[in-house]
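So you can see what is in the structure, the chains are spelled out below.
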Amino acid sequence: MDISVIIPLYNEEESLCELYAWIKRVMNENNFSYEVIFVNDGSTDHSWNVIRQLADNDDNIKGIKFRRNYGKSPALYCGFREAQGDVVITMDADLQDSPDEIPSLYSMIKDEGYDLVSGYKQKRYDPLSKTIPTKLFNATARKISGIKNLHDFNCGLKAYRKEVVKNIEVYGEMHRYIPYLAKNAGFTKIGEKVVHHQARKYGKSKFGLNRFINGYLDLITLWFLSTFGLKPMHVFGFLGTIMFFIGFIAAIIIGVDKMWALCHGIPQRLVTDSPYFFIALTMMIIGTQFFLTGFLGDLISRSSANRNDYQIEEVLRCAK
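In this text, all values refer to a predicted model and were calculated from it rather than measured experimentally.

Caption draft 1: Spotlight on the pattern of salt bridges. Scanning the model with the defined rule gives 9 salt bridges in all. Here Asp92 makes a salt bridge to Lys72, at a shortest N to O gap of 2.9 Å. Of the two residues, Asp92 sits in the loop between β4 (87–90) and α4 (102–110) while Lys72 sits in helix α3 (residues 72–82), which places them 20 residues apart along the sequence. Lys72 matches Asp92 in its accessibility class, with the two residues each being buried.

Caption draft 2: Spatial organisation of the nonpolar core. Counting 35 residues, the largest nonpolar core has Ile3, Val5, Ile7, Phe38, Ile89 and Met91 as the members making the most contacts within it. Contributing elements (two or more residues each) for this core: β1 (3–9), α1 (16–29), β2 (34–40), α2 (47–57), β4 and α4. Among all residues touching Ile3, those that are not within four sequence positions of it are Met27, Phe32, Ser33, Tyr34, Glu35, Gly85, Val87, Ile89, Ile102 and Tyr106. In terms of nonpolar packing, the next biggest core, distinct from the first, is built from 33 residues, Phe80, Ala83, Phe153 and Tyr180 among them.

Caption draft 3: Seen up close, a nonpolar patch on the surface. Side chains of Phe238, Leu239, Ile242, Phe244, Phe245, Ile246, Phe248, Ile249, Ile252, Ile253 and Val256 sit close together on the surface and give an oily, nonpolar patch of about 1,000 Å² of accessible area. As for its position among the elements, Phe238 is in helix α9 (residues 233–263).

Caption draft 4: Just α4, in detail. Listed in full, the buried residues belonging to α4 are Ile102, Leu105, Tyr106, Met108 and Ile109. Along the axis of α4, the buried residues cluster in a sector spanning 160°; they form a single face. Check the buried side of α4 and you find it contacts β1, α1, β4, β5 (116–120), β6 (158–161) and β7 (190–194).

Caption draft 5: Inspection of the environment of Phe248 at higher detail. Note on placement: Phe248 falls in helix α9. Along the sequence, Phe248 and Ala280 sit 32 residues apart, while their C-alpha atoms lie 6.7 Å from each other.

Caption draft 6: Focus on the pairing of β2. Within β2, 7 of the 7 residues are buried, which leaves the element mostly enclosed by the surrounding structure. Of the pairings in the sheet, the one linking β1 to β2 comprises 7 bridges and is parallel in character. Bridge assignment links Leu9 to a residue of β2, and that residue is Asn40. The pairing of β2 with strand β3 (residues 61–65) spans 5 bridges and is parallel. Residue Asn40 lies in a different strand from β3, and its bridge partner there is Lys65. Remark: the β2/α2/β3 crossover connection has right-handed handedness.

Conventions used here
- Residues numbered from 1 in each chain as written.
- Predicted model: local features only at pLDDT ≥ 70, side-chain atom pairs only at ≥ 80, totals over all residues.
- Heavy atoms only, no water.
- Salt bridge = Lys/Arg side-chain N within 4 Å of Asp/Glu carboxyl O.
- Helix = DSSP H or I, 4+ residues; strand = E, 2+ residues; numbered from the N terminus.
- Buried < 20%, exposed > 50% of the residue type's maximum accessible area, 1.4 Å probe, protein only.
- Core = buried A, V, L, I, M, F, W, Y, C linked by side-chain atoms within 4.5 Å.
- Contact = heavy atoms within 4.5 Å.
- Patch = residues over 30% accessible without salt bridge, like charges linked within 9 Å, V, L, I, M, F, W, Y side chains within 5 Å.
- Areas by Shrake-Rupley, 256 points an atom, 1.4 Å probe, with all protein chains shown as cover.
- Arc of directions from axis to C-beta.
- Pairing = 2+ DSSP bridges.
- Right-handed = clockwise from strand over helix to strand, strands pointing away.

Here you go:
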């Protein structure tokens, strides 16, 4: 099979028939063998009934129905698990992503050798309240992930080589960082294509401004896990050692200053009356806690069943 199209959706009954007709036309014009996987993320409208009606009349349609709303990342995870196409395309169900982009995305994966191609909605039809935070968010994501050529991490229109979606785990709200997840899994040929962004035709956006706050928190989590996930002692042990060392040196300085004053008969207040003593003591305690946190983290990491779960692409063995 050439292409799997995965469409996560939540309360999008008005757009589904029009979207599928558009996808079907594009596929037939290019002679693609394909499947369309609708993932109904706990919709409360008649979206699932529409999907069932479409599936009854077309063998290219698959459907997955969640009992409740879990979010876009779980929907993509389940869609990736079911996908059979050599190239996997993801797009939103609100008609803001154009299926006319599918042939060129497919070509970039199959002919140009990209592992992942992310859409870039250069000209957007969103209000400034969304576009300005989006630009700041993407700039931060580029800096932390090291993927300098992507301008729109959160674009729902993406294309993947099949091996990519079978070797990454999308969870929580990590759908925003699939290119980063792919890079961490060893798929480094990541490209971008400027795509057409259409104004929403039906319904309203399902995402609020809180997605930007959650997005930054998820980005920090992903950065930490990819950098120190298997070696927590390297960060907590280092910070703990530095803090303990600074506090210990400060305590020695306070003690030496007190001894010098006593030896020279200079009146000096009690060490425990000095705020610097308690600051030094606090730093030593916190440093010890950081060190122990890193130590416990290493113990947990070493006992994990996935501690040696490496991405191996190919193995050659000598013939005997």
